[in-house]
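# Chains, contacts and geometry: an overview
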Amino acid sequence: MKDLGYLAQDISILHRKYYKDTREAFAELGLNPTAACVLLTIHEQPGINQNQVAKSLVIDKGLTTREVNKLQNLTYLTKTAGAGKAQLLSLTATGETVVDQVQTIRRSWWQARFDETGIDAHSPLIPAIEAAVASIVEK
(Lines give C-alpha, C1' and ligand atoms only; values in the text may rest on other atoms or scores of the structure.)
Protein backbone atom coordinates (compact mmCIF):
# COMPACT_ATOMS: atom_id res chain seq x y z
CA MET A 1 0.00 0.00 0.00
CA LYS A 2 1.24 3.46 -0.87
CA ASP A 3 2.10 5.77 2.03
CA LEU A 4 -0.89 8.10 2.40
CA GLY A 5 1.54 10.99 2.92
CA TYR A 6 2.08 10.96 -0.82
CA LEU A 7 -1.59 11.75 -1.32
CA ALA A 8 -0.95 15.35 -0.21
CA GLN A 9 1.85 15.62 -2.74
CA ASP A 10 -0.36 14.18 -5.48
CA ILE A 11 -3.19 16.57 -4.64
CA SER A 12 -0.73 19.46 -4.62
CA ILE A 13 0.48 18.45 -8.09
CA LEU A 14 -3.11 18.44 -9.37
CA HIS A 15 -3.72 21.83 -7.75
CA ARG A 16 -0.63 23.44 -9.32
CA LYS A 17 -1.36 21.91 -12.73
CA TYR A 18 -4.97 23.14 -12.62
CA TYR A 19 -3.81 26.67 -11.76
CA LYS A 20 -1.13 26.60 -14.47
CA ASP A 21 -3.45 25.26 -17.16
CA THR A 22 -6.40 27.54 -16.38
CA ARG A 23 -4.51 30.77 -15.67
CA GLU A 24 -4.82 32.06 -19.24
CA ALA A 25 -8.53 31.29 -19.57
CA PHE A 26 -9.26 33.01 -16.26
CA ALA A 27 -7.07 35.99 -17.24
CA GLU A 28 -9.39 36.61 -20.18
CA LEU A 29 -12.11 37.24 -17.58
CA GLY A 30 -9.82 39.51 -15.52
CA LEU A 31 -9.34 36.75 -12.94
CA ASN A 32 -6.71 34.42 -11.63
CA PRO A 33 -7.56 30.90 -10.42
CA THR A 34 -7.84 32.03 -6.79
CA ALA A 35 -10.19 34.89 -7.67
CA ALA A 36 -12.24 32.37 -9.66
CA CYS A 37 -12.54 30.19 -6.54
CA VAL A 38 -13.62 33.21 -4.49
CA LEU A 39 -16.21 34.10 -7.14
CA LEU A 40 -17.61 30.55 -7.12
CA THR A 41 -17.76 30.51 -3.32
CA ILE A 42 -19.79 33.73 -3.26
CA HIS A 43 -22.05 32.34 -5.99
CA GLU A 44 -22.68 29.19 -3.95
CA GLN A 45 -23.22 31.11 -0.69
CA PRO A 46 -24.77 34.53 -1.40
CA GLY A 47 -24.43 36.88 1.55
CA ILE A 48 -21.22 35.23 2.79
CA ASN A 49 -18.63 37.55 4.32
CA GLN A 50 -14.90 37.74 3.57
CA ASN A 51 -13.90 35.89 6.72
CA GLN A 52 -16.21 33.02 5.79
CA VAL A 53 -14.77 32.96 2.25
CA ALA A 54 -11.24 32.72 3.68
CA LYS A 55 -12.26 29.88 5.99
CA SER A 56 -14.15 27.93 3.34
CA LEU A 57 -11.23 28.12 0.88
CA VAL A 58 -8.57 27.82 3.59
CA ILE A 59 -6.76 30.90 2.30
CA ASP A 60 -5.20 33.89 4.03
CA LYS A 61 -7.54 36.74 4.99
CA GLY A 62 -5.26 39.25 3.24
CA LEU A 63 -5.41 37.27 0.00
CA THR A 64 -9.18 37.06 0.35
CA THR A 65 -9.39 40.84 0.77
CA ARG A 66 -7.27 41.44 -2.34
CA GLU A 67 -9.31 39.03 -4.44
CA VAL A 68 -12.65 40.42 -3.18
CA ASN A 69 -11.49 43.96 -3.97
CA LYS A 70 -10.43 42.82 -7.44
CA LEU A 71 -13.85 41.24 -8.01
CA GLN A 72 -15.57 44.40 -6.79
CA ASN A 73 -13.45 46.58 -9.13
CA LEU A 74 -14.45 44.29 -12.00
CA THR A 75 -18.10 44.89 -10.97
CA TYR A 76 -18.54 41.15 -10.37
CA LEU A 77 -19.68 41.61 -6.76
CA THR A 78 -21.08 44.08 -4.29
CA LYS A 79 -20.61 44.50 -0.56
CA THR A 80 -23.43 45.39 1.81
CA ALA A 81 -23.32 46.04 5.54
CA GLY A 82 -23.75 42.99 7.71
CA ALA A 83 -23.56 42.47 11.45
CA GLY A 84 -20.79 44.48 13.12
CA LYS A 85 -17.95 45.20 10.74
CA ALA A 86 -18.83 42.31 8.42
CA GLN A 87 -19.54 43.07 4.79
CA LEU A 88 -21.86 40.65 3.01
CA LEU A 89 -20.81 39.67 -0.49
CA SER A 90 -23.18 39.14 -3.40
CA LEU A 91 -22.60 38.75 -7.10
CA THR A 92 -23.85 41.29 -9.60
CA ALA A 93 -25.58 40.26 -12.82
CA THR A 94 -22.18 40.56 -14.54
CA GLY A 95 -20.63 38.36 -11.86
CA GLU A 96 -23.31 35.72 -12.33
CA THR A 97 -22.59 35.67 -16.07
CA VAL A 98 -18.89 35.21 -15.40
CA VAL A 99 -19.64 32.34 -12.99
CA ASP A 100 -21.01 30.32 -15.90
CA GLN A 101 -17.73 30.80 -17.77
CA VAL A 102 -15.64 29.97 -14.69
CA GLN A 103 -17.63 26.79 -14.10
CA THR A 104 -17.13 25.78 -17.72
CA ILE A 105 -13.36 26.31 -17.49
CA ARG A 106 -13.16 24.31 -14.26
CA ARG A 107 -15.46 21.51 -15.44
CA SER A 108 -13.61 21.16 -18.76
CA TRP A 109 -10.22 20.88 -17.08
CA TRP A 110 -11.37 18.20 -14.65
CA GLN A 111 -13.30 16.32 -17.32
CA ALA A 112 -10.15 16.15 -19.45
CA ARG A 113 -8.19 14.71 -16.47
CA PHE A 114 -10.92 12.15 -15.80
CA ASP A 115 -11.15 11.20 -19.48
CA GLU A 116 -7.37 10.66 -19.61
CA THR A 117 -7.39 8.35 -16.61
CA GLY A 118 -10.71 6.57 -16.91
CA ILE A 119 -11.99 8.00 -13.61
CA ASP A 120 -15.64 8.99 -13.73
CA ALA A 121 -17.89 11.09 -11.53
CA HIS A 122 -19.08 7.96 -9.71
CA SER A 123 -15.61 7.03 -8.47
CA PRO A 124 -15.40 6.38 -4.71
CA LEU A 125 -12.50 8.84 -4.79
CA ILE A 126 -14.91 11.79 -5.13
CA PRO A 127 -16.87 11.35 -1.87
CA ALA A 128 -13.66 10.46 -0.03
CA ILE A 129 -12.02 13.74 -1.04
CA GLU A 130 -15.22 15.68 -0.31
CA ALA A 131 -15.35 14.16 3.19
CA ALA A 132 -11.71 15.05 3.87
CA VAL A 133 -12.28 18.63 2.73
CA ALA A 134 -15.46 18.94 4.80
CA SER A 135 -13.60 17.82 7.92
CA ILE A 136 -11.07 20.62 7.37
CA VAL A 137 -13.44 23.42 6.39
CA GLU A 138 -15.94 22.70 9.19
CA LYS A 139 -13.34 23.13 11.95
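Chains are numbered independently. Their residues run from 1 in the order of the written sequence. Where local features are concerned, this predicted model is filtered to residues with pLDDT of at least 70; where side-chain atom pairs are given and counted, the filter is 80 or more; whole-chain, interface and lining totals use all residues. Water and hydrogen atoms play no part in the side-chain values, which are based on all heavy atoms of the structure.

### Description of the pairing of strand β3 (residues 87–91)
Rules: Two strands form a pair only when DSSP identifies at least two bridges running between them. Strands here mean DSSP runs of E at least two residues long; helices mean DSSP runs of H or I at least four residues long; both are numbered from the N terminus.
Note that strand β1 (residues 48–49) and β3 share 2 bridges and pair antiparallel. Within β3, the position partnered with I48 by the bridge is L89. Adjacent in sequence and paired antiparallel, strand β2 (residues 77–81) and β3 are bridged by 5 residues, among which G84 carries a positive phi angle near 65°.

### Quick word on the nonpolar core
How we decide: Residues belong to a common nonpolar core when they are buried Ala, Val, Leu, Ile, Met, Phe, Trp, Tyr or Cys residues joined through side-chain atoms within 4.5 Å. Remark: exposure states derive from per-residue accessible area (1.4 Å probe, protein chains only) relative to the maximum for the residue type, with buried under 20%, exposed over 50%, and partly exposed in between. Whether two residues are in contact is decided by their heavy atoms, any of which lying within 4.5 Å being enough.
The biggest cluster of nonpolar side chains holds 24 residues, and the ones touching the most others in it are L31, L39, I42, L71 and V102. For this core, the element with the most residues is helix α2 (residues 33–44), which contributes 6 residues. The residues touching L31, leaving out its near neighbours within four places in the chain, are F26, A36, L39, L71, L74, Y76, V98 and V102.

### As for the sheet that holds β1
Taken together, 3 strands build an open sheet; the order of strands is β1-β3-β2 and the sheet is antiparallel. Taken across any chain shown, the strands that pair with only one partner, and hence form the sheet edges, are β1 and β2. Relative to β3, β2 runs antiparallel, the two sharing 5 bridges. The residue of β3 that forms the bridge with L77 is L91.

### Quick look at the packing of helix α3 (residues 50–57) against helix α4 (residues 61–73)
Under the convention used in this document: Whenever a helix is involved, its axis is fitted only over the stretch in contact; in every case the axis is a line through C-alpha atoms, and angles between N-to-C directions fall within 0 to 180 degrees. Handedness of a crossing is defined here by the sense of rotation of the near helix relative to the far one, left-handed for an anticlockwise turn of less than a right angle and right-handed for a clockwise turn. Residue type decides the class: Asp, Glu, Lys and Arg count as charged, Ala, Val, Leu, Ile, Met, Phe, Trp, Tyr, Cys and Pro as nonpolar, and the leftover types, Gly among them, as polar.
Across the interface, α3 lies against α4 with an axial gap of 9 Å and an inter-helix angle of 115°. As α3 packs across α4, the resulting crossing turns out to be right-handed. Residues Q50, N51, V53 and A54 of α3 form the contact with α4, whose participating residues are K61, T64, T65 and V68. Class assignment for the residues of the contact of α3 with α4 results in 3 nonpolar, 4 polar and 1 charged.

### Considerations on the environment of P127
Structurally, P127 can be placed in helix α6 (residues 125–137). According to the relative accessible area criterion, P127 is partly exposed, its value standing at 46%. On a C-alpha basis, the gap between P127 and L14 in space is 17 Å, while along the polypeptide they are 113 residues apart.

### A closer look at unusual backbone geometry
Even without glycine at this site, V58 takes up a positive phi of about 50°. Note on placement: V58 falls in the loop between α3 and α4.

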